[in-house]
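Chain by chain, the residues:
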Amino acid sequence: SLPDLPSHKSAVGKVLAKNSGLYSSLRELKTGLNSSLMQCIREGVEDATLTGSGVTVVDEQCYDVYGALVNQVVEQCTGFPIGSTHPVDLNVAKLPEGTLGLEDSDVRFVQIETRRNFSGVRFVGAATADERREVERVVARALLGAVEGDYYPQAGSTSYAPKPTGMSAAEVDKLKTLTASMFGDLVMPAHSAKAISAEQWPDARGVYAAASGNVVVWVNHEDHLRAFVRRTGADISAAFKELVSVVGQVGVGAAEASPEIKGFAQHSRLGFLTTDPARCGTALKFTVAMSCPSFIQDQALVDNLASSYGTTVELTGDGLVFTYEALPGRSEIDAAKHVTRAAAHVRGAERRLARGAPIFEKQDGLGPEPLQGAISSKESPALLPDLSKHHSDVAKILREKPEVYVQLKDVKTASGSTLARCIKPGIDVKGDARMPQPGIVAVDESCFTVFAQLFDPIVERRLQHSLSAQHATDLAAAKVRSDVLDKSGCYIKQISFRTGRNLRGLPLAGALDVLQRRELERVLVRSLLHLSGEQVGDYFPLRDSTSYVPKPNGMSEEEEKRLEGQECLFHEPDSKVALSAGVGRHWPDARGVFYSSCKDWYAWINQEDHIKLTVVEKSSNFKKGFTRLVGLLEHLEQFVKEQDFEFMHSDRFGYLTSDITNLGTGLRVSVSLHLDYVDSDQVAEVCKGFDLVCTGYGFETSVSNKKVLGKSEVQIVNDLVGALEEILKMEEAAAAAGVPPGA
């Protein structure tokens, strides 16, 4: 029987205390290597003060034979859900080349470690002397062939023939000297006498140290091997590649050298298997030491580094050391990228502090989370706050039909987003009764159906589109009228065509995580760089974005001023609605402007939509400008499909956008006018007949389409041509009649 467990601090103690019948159901089971349950849980049940998992896995079969217990322990320690599968990925070709703007002066050193156990033999805690010695033999042999250096068995070990009494006192000093400058003292420490892995200590335990001091491998400590790679400077990818190479060569060499060893122990669901199940998956730990004297003076920035990147942070003089242990669920490659991003985040903030620039991660809604407000985006509250003074479409529906919220509050979309994430803008921001907002945003493609009880009536009211109607998409530029309305060039100053697109299979802007947003940037920029001829251009990531390898610090100050002068640069959102919707999170990461060499079109990446294209036509030829827009969209779609993506589109709502007022065509065509005789009031009267909008005052006006859903792209453009034709006829008639300008 087990001791009384309710007061135990370990995960295994808590799991067994909660599930009274679990121990008895597993107690008599043995693995194929004759390991028992008690061997695995002895430390955790005998020591009530022990924290962590409290489990010492003694062979790979324990993960399945005692899976009913081990899976719960893994979930409690790491948050990795039972039934999920860990994605193993050691393809180092996926790592970014270079350092993402990090310089050697930023990073003092990076240290990466991982653990492995072999399949076919017991783990260290239950290994026989022969098994432990066989592991030592094949690991030392493999390392001697892979890395220039030497193997140092623990003092007193008699298992290694070249050093039959273990390392000498002089060799201990040599090893400490060799590793101290890089690692501190990494001579393998002895276990606690209570630890199951301390059986027959120090037999067949030792340390392999590379002559360079960059690589150290512990043999038969807690796991069969624990490998460390450490480098000075900023190249985290290079250190990771070296670790993967060294460990990979050991795995291959060991399997070739021993009939008992079958390669590394790896589980179909849990990844690489470790003695402590809380470390399974990648078994990776990253430590990065950085110089950042300004960053560490701001405790909010230090706290944000810890919370946003899941790191522990220690301040050291004029810098810090952060540590990241990769939990199951994140692949090895993603973990390495994550750590590089964390380091680049510190570097970026340090640079901005030095020049007095804004620190976005400290600004509510521009850091890792949306604007703090009445509700959280992560979970829908059981009850909504009082909405009696809220002025938005979604608040009105929820006031009048509270049962809708009850039905939907626990439902999640295909990407795992909550109802709260969609309605947060309308709950956080009370709004203005004179100009009520929709109060709801789309976070992925499925929310239009999952939360149709809210989206459908709001779309119908806002866009005056019957729910039974289908939207007609028509991008046939040949159907657009070819009239050159202003042959003199005096009246129409420019025509602007703007439309947005989003890629199927990824969340919309408000729900993207860092990796997804960077993947979008990569796919879209790569597609745009394939353009040729008059469409060619270049990509300029926002200043201080670290995601784009060719420009790892973002655009330069000069480039920023140039794009600002061309009026094609976008900035961080400042409206509470946008910040509450989550579109400003992780600003300015993976956002930028693709600008054409001809200076007549540009694209915004990861602003409000995945991509927003703007074509500027300086003449009055609508067909010419629209043809250029369609050509860009066709080429973009072609290159996006080559990368296994496509645009979000539905028969009911056309092209899907995060802002529901842009559904359908997503097309906004705006015409800037300068008139001498026809004022804005007269222009507005003409616009009513064509369902257009007129803004401006006096004789400087702008005309644009009002409807985006229910009308095709061709209809929208032709309506503008018709309206402008009528307006210019009025202007010319007034001029011919001799009416004084401005009268």
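Just so we're clear, the structure is a prediction, and the values are computed from it rather than from any experiment.

A. Spatial organisation of the nonpolar core. Grouped together as the largest cluster of nonpolar side chains are 60 residues, with contacts concentrated most on Phe118, Val139, Phe286, Met290, Phe295 and Phe322. Ignoring anything within four residues of it in the chain, the contact list for valine 139 reads Phe118, Val219, Leu225 and Val250. One finds Ile495, Leu633, Val686 and Leu728 within the second-largest nonpolar core, a separate group that totals 57 residues.

B. Spotlight on the sheet that holds strand E18 (residues 668-674). The 8 strands are arranged E12-E13-E14-E15-E11-E18-E20-E19 in an open sheet whose pairing can be described as antiparallel. One side of each edge strand has no neighbouring strand; the edge strands of this open sheet are strand E12 (537-541) and strand E19 (692-697). Geometrically, the sheet is characterised by an average inter-axis angle of 15° between neighbouring strands, direction not taken into account. Here strand E13 (residues 592-596) runs beside strand E14 (residues 601-605); their pairing, made up of 4 bridges, is antiparallel. Bridge pairing links phenylalanine 594 to alanine 603 in E14.

C. Inspection of the sheet that holds strand E1 (residues 107-116) at higher detail. Strand order across the open sheet formed by 8 strands is E2-E3-E4-E5-E1-E8-E10-E9, with antiparallel pairing between neighbours. Of all strands in the sheet, those bounded by a partner on one side alone are strand E2 (149-153) and strand E9 (312-316). Within the sheet, the average angular offset between the axes of one strand and its neighbour, ignoring direction, is 15°. Examined bridge by bridge, strand E4 (residues 215-219) and strand E5 (residues 225-232) share 5 bridges and lie antiparallel to one another. Looking at E5, one finds that valine 215 is bridged to valine 229.

D. Region of the structure containing unusual backbone geometry. The omega torsion of the bond from tryptophan 201 to proline 202 falls at 5°, within 30 degrees of zero and hence cis. Tracing the backbone through its elements, the reader meets proline 202 in the loop between helix H7 (169-183) and strand E3 (206-210). Cis geometry is adopted by the peptide bond preceding proline 588, which originates at tryptophan 587 and carries an omega value of 0°. Looking at where proline 588 falls in the secondary structure, it is placed in the loop between helix H18 (576-581) and E13. Backbone geometry places alanine 590, a non-glycine residue, at a positive phi of 60°. Assignment of secondary structure puts alanine 590 in the loop between H18 and E13. Although it is not a glycine, aspartate 644 adopts a positive phi angle of roughly 70°.

Scoring rules and cut-offs
Residues numbered from 1 in each chain as written. Predicted model: local features only at pLDDT ≥ 70, side-chain atom pairs only at ≥ 80, totals over all residues. Heavy atoms only, no water. Core = buried A, V, L, I, M, F, W, Y, C linked by side-chain atoms within 4.5 Å. Buried < 20%, exposed > 50% of the residue type's maximum accessible area, 1.4 Å probe, protein only. Contact = heavy atoms within 4.5 Å. Pairing = 2+ DSSP bridges. Helix = DSSP H or I, 4+ residues; strand = E, 2+ residues; numbered from the N terminus. Axes fitted to C-alpha atoms, helices over the stretch in contact; angles between N-to-C directions.

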